[in-house]
Amino acid sequence: MKVEDPRNLRSIGDSTSIRDIWDLPSSQIMKFSFSVRVWSKLDRARTGTLNLGTGKPLADTPCLLLTTRKGLPAFITPELLDEIYPAANLLQISPIHFLETPPTSLISGVGGIHLLVGLPEYGLAAFARDSLMCEANGQGTTKLGAAFETSGGRRLVGPSKYMELVNALKPDFWGSLPDEVPAWVSTKRNRMSVDRTLNWLDHCLSLHSVGAIFGTVVGGVDLELRMHSAQETAKRRVSGFSLGGFGLGESKEERAALLEVAIERLPAELPRHVSGLGMPEEVLEAVSAGCDILDSTYPHTLTTGGYAMTFPLSIQDEHDSEKLSIEECATLGSDSSKINLRSMSYRSDTSPLLKSCECHACCKYSRAYIHHLLNTHEMLAQTLLDIHNVTHYLRFFAAIREAISQNSFDQYKSWFVSRRR
Amino acid sequence: MTILCALKRAHLCTNSLGMALQFEILARYKRARAAKLTLPHFTCQTPLFMPVGTQGTVKGLTSSQLEDAGCQIVLGNTYHLALRPGADLLEQLGGLHHFMNWSRALLTDSGGFQMVSLLHLADITEAGVTFQSPVDGTSMLLTPEESIHIQNKIGADIIMALDDVVKTTITGPRIEEAMYRTLRWIDRCIAAHSRPSEQNLFGIVQGGLDPHLRDVCCQGLVDRNLPGYAIGGLAGGEDKDSFWRVVAQCTAQLPEDKPRYVMGVGFPLDIVVCSALGADMYDCVYPTRTARFGTALIPEGMLKLKNADMATDVRPLDASCSCMVCKRYTRAYLHTLVTREAMGSQLISYHNVAYMMKLNNDLHKSILEGCFPQFVQGFLRMQFPKGNVPLWVCNAMEVAGIDISMCLSPEVASS
Ligand SMILES: [Zn+2]
Ligand SMILES: [Zn+2]
């Protein structure tokens, strides 16, 4: 893997007043690396550490990549993001968001995505797929490039354009451009997707200058094609793998088998990213199958719906949490995993969103206030809900890591799934 | 912290004869003053700008962000708060401070202005403001007593008397009627005020653009010995030369030892001029509203982030600003956000609020340090690099005793 000489970055970035963090001698620069600490005995789950290099966070895996819009979380400003604990220091960005503005020359001129979005100490990972703003569905994709539905209409992005964006953005790690297809396409189309994705990976590798590259594995719901895609991708000089094409219409049973055949054929020492499996049960399933890095639109979806996550994170936590009867749940528009702050019943509720939570929103604001903000269409509602939801989801990932470390992930998963049923 | 606040409050009550504030002028330059304004929840410095938090929140900003930006007083709109979440609920939940987790000072307006400007069917009689409920269409009446009653429940540090609001552009007997009614209503407000040792009732000077009516109103209010005075009925579309003359007249007539608040004023230039004429407090939705349309306030004036030339501009919004946004972002990146992402307007709002706070802090400091004229000159040179300072500003500065001749181009100076 090549690491950009930080002094080059600096000279490019000099024209801006944005602070730089590239003041270290090159001998101290560490590269991207991944190490597994504990392997689960009953399944493929594992916990480890993703080291993004000097000046960057060490991220324990399995970890959550936060979704962003044009590089920033939709509702959380950067200094509030800094305050979130467990640290919200890994963000997913989509190169597709930067197709139109700013120009790639400007992005590389200011020193890349980290400085552009004002998050120099964060780990930023670039993957093409993003279900928030633009969704690839395989339609319109040709041998020249993948089609994306963007706010500016359908855009075709080939490997050259994609690499121009990646090389300008300089993410810490990034996935090769995939041709992702939903579950219902023909075997012929699926085979084309596999071949094309491998071709594009080679093309990306030939143009790649910065960050660690993750080869994207596709194959839809076809086990043979999944195996083939994984085997071939594993032959390339990559730093990790991205499992593409999930959460696109496959059944739960198909998914487990597909993850298994692909992951079996990937080298165990390299990290695996998966996109599109963001619901809590899906996260547990993916982790159980051996995924290390996950993205999720779940916190965002709850936030925009006016919900706060309240599900217990551990068996101990469950005993301490509020018990709601079925009738209460129905009238509150809530259930045992989330509460609906739009409900009138929170109008005068002075308690925090979740008593056991220490996030900024829970420490400082009441349910009544957040209910009022939603009621009056004030954007602070989303900011506070998102701070809580992101915090809670990061705590969920911390609980998963803890369970794997304690060799009790299988029990944790069974407990979690049984109480949500 | 809480004990300190309680002690401070006790101190305020006993020392100022039923007034819940202290106003100490620290320095003057001619008519301009820099003061320390001690309120039950916060000790402020003037000149001071109050961002508007209509619904108990300033557009997307958390209370810690407001503190970081230097906000001292946030303004809440009584009309909106009384509708949602409701005055009784606010009282039950410990007041607006507690509800919105804001430990610094608050000011609420009377609700009258909002009604007259937002509701078509508002009608003013001697009893109060009659209006149709936006909830169920029934006819309702906001009396001076009811306005104060609601504001007592909301619990802001400064509450405003209900005044008879008329458009400044209107002339004739209606202006006179409104002024005298405002004076009659102030007595009803004073009588209804149930928390004078915790909340400061400000009277509002009305009288349109008529110097005689303004004079009568000032005199009438001063006789009531209120904790502070507002100059109302401005910023409503009147010409700028009339605007500053009313401010100058009122600031000259109002007592030296009480704060003076020019309502609804918020353009940076207006604030500089009013401060030179001896005003202390301002409020306006302008900094946050203009941010939503993609405009940032900078020393040079306005920066329209939507403009195409911003796409390649790698400078911060304002190189002299130390706010979070200016430390982190280029104009080019904000340009890409501003057209589509809510985060864009949130970041610009943050900067604009910080800019207004810094401007007022600079006014305070320059008066304190004896270099107020230099500050005004520097400000005008940045805003009008070609020397085309508007005539009304020149006229106002002459009355304020500040020489700005060096800021003017030869043509302006000679005309
Ligand atoms: Zn929380
Ligand atoms: Zn700024």
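Just so it is clear, the model here is predicted, and its values are computed rather than measured.

(A) Inspection of the overall build of chain A at higher detail. Within chain A, the secondary structure is distributed over 16 helices and 15 strands. A separation of at least 24 residues holds for 70% of the contacts in chain A among residues at least 6 apart in sequence. Accessible area for chain A stands at about 15900 Å²; split by element, carbon and sulfur atoms hold 51% of it.

(B) The pairing of strand 8 (residues 129-132) of chain B, seen in detail. Residues and elements named next belong to chain B. Burial along strand 8 is one-sided: the face carrying V129 and F131 is buried and the face carrying T130 and Q132 is not. One ladder, built from 2 bridges, connects strand 7 (residues 123-124) with strand 8; its direction is antiparallel. Of the residues in strand 8, the one forming a bridge with I124 is V129. Counted along the chain from strand 7 to the antiparallel partner strand 8, the turn is 4 residues long. Inspection of the sheet shows strand 8 paired to strand 9 (residues 139-142) by 4 bridges, in the antiparallel sense. Opposite T130, over in strand 9, you have L141 as the bridge partner. Between strand 8 and strand 9, which pair antiparallel one after the other, the connecting turn spans 6 residues, and G137 there sits at a positive phi close to 80°.

(C) Up close: the packing of aromatic side chains. By the definition in use, this model includes 21 aromatic pairs over all chains. Seen from their ring centres, F396 of chain A and F416 of chain A are 5.0 Å apart, and the 35° between their planes marks the pair as tilted. Linking F396 of chain A in helix 15 (residues 380-405) with F416 of chain A in helix 16 (residues 409-420), this pair joins segments that are 20 residues apart in sequence. Judged by its relative accessible area of 0%, F396 of chain A falls in the buried class. The exposure class assigned to F416 of chain A is buried, which follows from its relative accessible area of 0%. Chaining the aromatic ring pairs together yields one cluster made of Y298, F311, Y393, F396, F397, Y412, W415 and F416 of chain A. Sitting over the ring of Y307 of chain A, K338 of chain A keeps its end group 5.4 Å from the ring centre. A cation sits over an aromatic face here: K240 of chain B above F243 of chain B, 4.9 Å from the ring centre.

(D) Highlighting the packing of helix 8 (residues 173-192) of chain B against helix 9 (residues 211-223) of chain B. All names here are of chain B. Across the interface, helix 8 lies against helix 9 with an axial gap of 10 Å and an inter-helix angle of 0°. On the basis of their axis angle, the class for helix 8 and helix 9 is roughly parallel. Here I175, E176, M179, Y180, L183 and I186 of helix 8 come into contact with helix 9, specifically with L213, V216, C217, G220 and L221.

(E) Looking closely at the coordination of the zinc ion (ligand 2). Residue and element names in this part refer to chain B. Note on the zinc ion (ligand 2): its protein donors are C321 (SG), C323 (SG), C326 (SG) and H351 (ND1). The metal-donor distances range over 2.1 to 2.3 Å. Coordination geometry of the zinc ion (ligand 2): the 4 donor atoms subtend angles of 97 to 118° at the metal centre, consistent with an arrangement described as tetrahedral. You can call C321 buried: its relative accessible area is 10%.

(F) Structural context of the coordination of the zinc ion (ligand 1). All names here are of chain A. Donor atoms from the polypeptide that coordinate the zinc ion (ligand 1) comprise C357 (SG), C359 (SG), C362 (SG) and H388 (ND1), at 2.1 to 2.3 Å from the metal. One can describe the donor arrangement at the zinc ion (ligand 1) as tetrahedral, given that its 4 donor atoms subtend angles of 100 to 121° at the metal. Counting residues between consecutive donors of the zinc ion (ligand 1) along the chain gives the motif C-x1-C-x2-C-x25-H. On the criterion of sequence distance, the pair formed by C362 in helix 13 (residues 360-364) and H388 in helix 15 is long-range, its members being 26 residues apart. As far as the burial class goes, C362 and H388 line up, both buried.

(G) Region of the structure containing the domain arrangement of chain A. Residues and elements named next belong to chain A. Taken as a whole, chain A is organised into domain 1 (15-296) and domain 2 (308-420). One C-alpha centre belongs to domain 1, the other to domain 2; they are set 28 Å apart. Residue-level contacts link 36 residues of domain 1 with 25 residues of domain 2. Both sides of the domain 1 and domain 2 interface together cover about 2600 Å² of buried area, and 73% of this is carbon and sulfur. When the buried area of domain 1 at its contact with domain 2 is split by residue, L64, F75 and L284 rank highest and sum to 24% of it. The tally of links from domain 1 across to domain 2 stands at 0 salt bridges. The interface formed by domain 1 and domain 2 contains 5 residue pairs in polar contact (both at pLDDT 80 or more). Looking at the side of domain 1 that touches domain 2, the elements with two or more residues in it are strand 1 (33-39), strand 2 (46-51), strand 3 (58-61), strand 4 (63-65), helix 2 (78-83) and helix 9 (280-289). Considering every element that reaches the side of domain 1 that touches domain 2, the biggest residue donor is helix 9, with 7 residues.

(H) Broad picture of the interface of chain B and chain A. With 39 residues of chain B at the contact, the number on the chain A side is 47 residues. Summing the contributions of chain B and of chain A, the shared interface buries around 3700 Å²; its carbon and sulfur component is 58%. Considering only the side of chain B, the residues that lose the most area to chain A are R328, Y333 and M343 of chain B, jointly responsible for 18% of the buried surface there. Viewed at the interface, chain A and chain B are joined by 3 salt bridges. For R69 of chain A, the salt bridge goes to E341 of chain B, with nearest N and O atoms at 2.7 Å. Run the count over chain B and chain A and you get 14 residue pairs in polar contact (both at pLDDT 80 or more).

(I) Molecular detail of the sheet that holds strand 3 (residues 43-46) of chain B. Residue and element names in this part refer to chain B. The antiparallel open sheet is built from 3 strands, whose spatial order is 1-2-3. Every interior strand has two partners, whereas the edge strands, strand 1 (22-29) and strand 3, have only one. Put simply, the sheet's adjacent strands are angled 15° from each other on average, direction ignored. Inspection of the sheet shows strand 2 (residues 32-38) paired to strand 3 by 4 bridges, in the antiparallel sense. Residue K36 lies in a different strand from strand 3, and its bridge partner there is Q45.

(J) Spotlight on the environment of A289 of chain A. Residues and elements named next belong to chain A. Positionally, A289 belongs in helix 9. Distance in space between the C-alpha atoms of A289 and A45 is 6.1 Å, their sequence separation being 244 residues. Residues contacting A289, with those up to four places away along its chain left out, are R44, L259 and I263.

(K) Structural detail: the nonpolar core. If you look at the biggest cluster of nonpolar residues, it comprises 220 residues, and the most contacted ones within it are L243 and F396 of chain A together with V262, L380 and I404 of chain B. Sort the elements by how many residues they give to this core and helix 15 of chain A lands first, with 14 residues. If you count residues domain by domain, this core takes at least three from each of domain 1 (15-296) and domain 2 (308-420) of chain A. Beyond its immediate chain neighbours, meaning those up to four positions away, L380 of chain B contacts L269, V389, V393, I404 and C407 of chain B.

(L) Layout of empty space enclosed by the protein. All names here are of chain A. Evaluated as defined, the whole model comprises 11 cavities of 30 Å³ or more. For the second largest cavity, the calculated volume is near 110 Å³. What lines the second largest cavity is L64, L66, T67, P73, A74, I76, S296, P299, H300, D386 and V390. Counting residues per element, the ones that place at least two in the lining of the second largest cavity are helix 10 (298-304) and helix 15.

(M) View of the confidence of the model for chain B. Residues and elements named next belong to chain B. Residues with a pLDDT of 70 or more make up 94% of chain B, whose mean pLDDT is 93. Throughout residues 1-17 the model reports pLDDT below 50, and contacts reaching past four residues in sequence, or to other chains, amount to 16 contacts. Both confidence scores are given for the complex: pTM 0.93, ipTM 0.94.

What counts, and at which threshold
The residue numbers shown here count from 1 along each chain, following its written sequence. Written order determines the labels here, with chains lettered from A and ligands numbered from 1. In view of the model being predicted, local features appear only for residues whose pLDDT reaches at least 70, and side-chain atom pairs are presented and counted only at 80 or more, with totals across whole chains, interfaces and linings using the full set of residues. The basis for every side-chain value is the complete set of heavy atoms in the structure, and neither hydrogens nor water enter the calculation. For helices the rule is a DSSP run of H or I covering at least 4 residues; for strands it is a run of E covering at least 2, with both sets numbered from the N terminus onward. We call two residues in contact whenever any of their non-hydrogen atoms come within 4.5 Å of each other. Each accessible area is a Shrake-Rupley estimate made with a 1.4 Å probe; only the visible protein chains count as cover when residues are assessed. Think of it in three bands: residues with accessible area under 20% of the maximum for their type are buried, residues over 50% are exposed, and the middle band is partly exposed, with areas taken using a 1.4 Å probe on protein chains only. Each pair of strands is called paired provided DSSP finds at least two bridges between the two strands. Centre distance within 6.5 Å is the pairing criterion for rings of Phe, Tyr and Trp, where only the six-membered ring of Trp is used; planes under 30 degrees apart are then read as stacked, over 60 as edge-to-face, and the remainder as tilted. Lysine and arginine charges are scored as sitting over a ring when NZ or CZ, respectively, is within 6 Å of the ring centre and within 35 degrees of the ring normal. Working convention: axes come from line fits to C-alpha atoms, limited for helices to the stretch in contact. Angles between N-to-C directions cover 0 to 180 degrees. Here is the rule for angles: anything less than 35 degrees is roughly parallel, anything more than 145 is roughly antiparallel, 65 through 115 is roughly perpendicular, and the remaining ranges are oblique. Coordinating donors are taken as N, O and S atoms within 2.8 Å of the metal, stretched to 3.2 Å for Na, K and Ca; because water is absent from the atoms, sites can appear incomplete. Angular criteria define each label, namely tetrahedral for four donors with all angles between 85 and 135 degrees, square planar for four and octahedral for six donors with opposite donors over 155 degrees apart and remaining angles between 65 and 115, and irregular for whatever fails these tests. Start and end positions for the domains come from either an automated domain assignment or a database one. Buried area: the accessible surface (1.4 Å probe) lost by two parts on joining, summed over both. The term salt bridge refers to a side-chain nitrogen of Lys or Arg lying within 4 Å of a carboxyl oxygen of Asp or Glu. Polar contacts, as counted here, are pairs of nitrogen or oxygen atoms within 3.5 Å of one another; within protein the pair requires one atom able to donate a hydrogen and one able to accept it, and residues that are adjacent in sequence qualify only if both atoms are side-chain atoms. Each nonpolar core is a collection of buried residues, namely Ala, Val, Leu, Ile, Met, Phe, Trp, Tyr and Cys, held together in the definition by side-chain atoms within 4.5 Å. Points on a 1 Å grid, built from protein atoms alone, make a cavity when a 1.4 Å probe fits but cannot get out and make a pocket when they are open with protein on both sides within 12 Å along at least 5 of 7 lines; residues with an atom within 4 Å of a point are the lining residues. Grid points are joined across faces, edges and corners, and a volume is the space filled by probe spheres set on the points. Values of pLDDT, which run from 0 to 100, indicate the predictor's confidence residue by residue.

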